[in-house]
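# Per-entry structural report
These are the residues of each chain, in order.
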Amino acid sequence: MNIDVQDESDSGSGQAVAFSLGEQEEVHVLHPQQIIAYQGPATGRADRFMDVKGIYRKRKLIRSDMSGPCHFVAALPPGYRIKILQLDGKSDLLYDFKHLFFYSKGVTMDTRVLSMKNVLVTRDIVKVKFTGNGIIGILTEGTVCEAELHPYNPLYVDAGSIIAYPENAKLELTVYGNHLASQHMSYHWKMTGHGPVLFQAGRQNRRFERDNNDDGIIKRFLREAVPFGGVFIK
């Protein structure tokens, strides 16, 4: 199997992801409407209804099972990127299912139920752990960053930017810094443990663009001066 991610220099354009599948190779695409070109036998694509758990997690009804030999291209909208991850059966990372764009044959999924505290913040009941040997494609907003957890020295990451974290990680929802800093940031996960954390760097772009628009001096002052003004004053 060969997967080629084609970047455009124009930041307003999305990515194209080209797949080349050989005999007996299979990829499950969870956003079939993004497939824009296909070359191969007509029987190489079979759309299927997801099971109930898949429909709930992804908020979608249909996935496409693509089997080789074939070539096809999937398009990503502007602002989104794809992160290709090779699984070797040893990873213990937990993911949001909503980030999954595709997975290959040989990959299986197990669910992990979150604590009620985490459910209230993330608005998601479960995380997904991928097992087996194969490839997954994660859909992200902007570049994917990686940081290593430490058992005692905590890592603070914007709660909405997290893509995946180790199952063994200890999480605490918090803010940090002095009084003014803690009032003007979004909630962060305070994380300790062992293993890598994946997070996306593009999620804050919308807020950055909003803050740099000409909203007027009064609104900008209130957003900065009022506690949690950046959250409540749009």
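One can find the structure itself at the top, above this paragraph.
For the structure given in this document, a descriptive report is provided here.

The rules behind each value
The residue numbering used here restarts from 1 in each chain and proceeds along that chain's sequence as written. For this predicted model, a pLDDT threshold of at least 70 governs which residues receive local features, and a threshold of 80 or more governs which side-chain atom pairs are given and counted, while totals over whole chains, interfaces and linings are taken from all residues. Each side-chain value is derived from all of the structure's non-hydrogen atoms; neither hydrogens nor water enter the calculation. Under the scheme used here, helices are H or I runs from DSSP no shorter than 4 residues and strands are E runs no shorter than 2 residues, and both carry numbers assigned from the N terminus. Working definition: with a 1.4 Å probe on protein chains only, accessible area under 20% of the residue-type maximum means buried, over 50% means exposed, and in between means partly exposed. We call two residues contacting when some pair of their heavy atoms lies within 4.5 Å. Using a 1.4 Å probe, the Shrake-Rupley method yields the accessible areas, and only the shown protein chains count as cover for residues. Here the rule is simple: two strands pair whenever DSSP picks up at least two bridges between them. Under this scheme, a helix contributes an axis fitted over its contacting stretch, all axes are lines through C-alpha atoms, and angles between N-to-C directions fall in the 0 to 180 degree range. In the analysis that follows, any N or O atom pair within 3.5 Å is treated as a polar contact, provided that within protein one partner can donate a hydrogen and the other can accept it, and provided that, for residues neighboring in sequence, both atoms belong to side chains.

## Side note on the overall build of the protein chain
Secondary structure assignment for the protein chain yields six helices and 18 strands. Counting only residues that meet the buried cut, the protein chain has 40% of its 234 residues in that class. At a minimum sequence separation of 6, the contacts of the protein chain that also span at least 24 residues come to 71%. For the protein chain, the accessible surface area stands at approximately 13200 Å², while carbon and sulfur atoms represent 54% of it.

## Considerations on the sheet that holds strand 2 (residues 16-21)
Read from one edge of the open sheet, four strands run 1-2-7-4, paired in antiparallel fashion. Two strands bound the open sheet, and with one partner strand each, they are strand 1 (2-6) and strand 4 (35-39). Geometrically, the sheet is characterised by an average inter-axis angle of 15° between neighbouring strands, direction not taken into account. When strand 4 meets strand 7 (residues 70-75), the two strands line up antiparallel, connected through four bridges. Paired with Gln39 across the two strands is His71, which belongs to strand 7.

## What about the side chain of Gln15?
On the secondary structure map, Gln15 appears in the loop between strand 1 and strand 2. By relative accessible area, which is 6% here, Gln15 ends up buried. Within polar-contact distance, the side chain of Gln15 engages the backbone nitrogen of Ile82 at 3.0 Å.

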